[in-house]
Amino acid sequence: MPARINLSTTLILLSGCLFTSSARATDVHQFGAAGDGVTDDTESLMAALRATAGHRTAVLFPAGTYRVETVVLPSNVILKGAGADRSWIQGRLEVDGGSRVSDLRLGRDGAALRFAPDASQVLFRRVAFTGGGGMTSGEDQGVIRFSGGRSASFVAFEDCEIGANSVDGNGVSMVSNGSSDATYHDITWHRCRFGSSPRMGFEVIQRADDAPITTGYRRIDLYDCVFE
């Protein structure tokens with residue numbers, strides 16, 4: 001049987017490539033970021049994001065480690081590094097809709113990358129995800145966490161690396177409590193590599209804790225991925 005093509009997610013991949021390549025750019029150092037792995041760059045990063053969100057202007061991260069505390073990305077931002085092995089935003093991150101992230105390492109030990117409620121149209125290309133929280137860490141459980149009680153759609157990961165969880169949790173942790181307004185659909189991983197996390201590399205679970213079981217998930221697709 002031929003592989004099912006998720007056309008809607010394929011379109012987000014194509015639009016993401018065009019969106020990034022045609023964007024203007026500004027260096028995060030212009031907003032005071034140090035990128036030395038010691039200085040707290042949270043305020044500098046947020047200033048850069050506020051100045052560029054929705055303006056088709058990419059925030060560039062030259063080689064370095066940009067240490068932040070907790071950053072909630074505004075919607076419609078573009079982040080671009082010098083390569084996942086060279087540019088690292090080291091901290092707890094939450095991503096909103098319309099974001100494009102490429103050639104960066106994201107995360108830190110003990111924290112999960114999360115998505116804002118109803119986040120949609122998000123593209124990650126050549127991104128390495130690191131860190132993750134353990135099974136008792138609540139919403140930090142997982143290197144990438146799709147939280148219960150929220151929803152996201154049309155999120156694509158292309159040529160990404162999901163590192164092994166730094167403690168006892170999962171790589172990707174996707175949780176639904178069954179309510180119709182809290183579901184995940186059209187989430188695609190394409191040519192991604194999943195590290196060998198202590199528990200599971202990829203977990204998708206639906207619980208009826210808060211509401212009757214409904215559809216839960218639709219079109220959660222993995223193409224040409226590798227699991228260690």
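Residues numbered from 1 in each chain as written. Predicted model: local features only at pLDDT ≥ 70, side-chain atom pairs only at ≥ 80, totals over all residues. Heavy atoms only, no water.

What follows covers the packing of aromatic side chains. Inspection of the entire model under this criterion finds 14 aromatic pairs. Geometrically, the ring pair formed by Phe-115 and Phe-146 is stacked, given 4.8 Å between the ring centres and 15° between the ring planes. With Phe-115 in strand S9 (residues 113-115) and Phe-146 in strand S12 (residues 144-146), the pair connects residues that are 31 residues apart, well separated along the chain. The pair formed by Phe-115 and Phe-146 is uniform in burial state, with each residue classed as buried. On the numbers, 5.0 Å between centres and 15° between planes, the contact of Phe-124 with Phe-157 is stacked. Taken together, the residues Phe-124 in strand S10 (residues 119-125) and Phe-157 in strand S13 (residues 152-158) connect sequence positions 33 residues apart. Neither residue differs from the other here; Phe-124 and Phe-157 are each classed as buried. The rings of Phe-115, Phe-124, Phe-129, Phe-146, Phe-157, Tyr-184, Trp-189, Phe-194, Phe-202, Tyr-217 and Phe-227 are connected pair by pair, giving a single aromatic cluster. (Phe/Tyr/Trp six-rings, centres within 6.5 Å; stacked < 30°, edge-to-face > 60°. Helix = DSSP H or I, 4+ residues; strand = E, 2+ residues; numbered from the N terminus. Buried < 20%, exposed > 50% of the residue type's maximum accessible area, 1.4 Å probe, protein only.)

With that settled, consider the pattern of salt bridges. Taken as a whole, this structure holds twelve salt bridges when the rule is applied. The shortest N-O distance in the salt bridge between Glu-94 and Arg-114 comes to 3.9 Å. Residue Glu-94 is located in strand S6 (residues 87-95), and its partner Arg-114 is located in strand S9; the two are separated by 20 residues in the primary sequence. Overall, Arg-114 belongs to the buried group, its relative accessible area being 16%. (Salt bridge = Lys/Arg side-chain N within 4 Å of Asp/Glu carboxyl O.)

In short, the description is geometric, and any link to function would need to be established separately.
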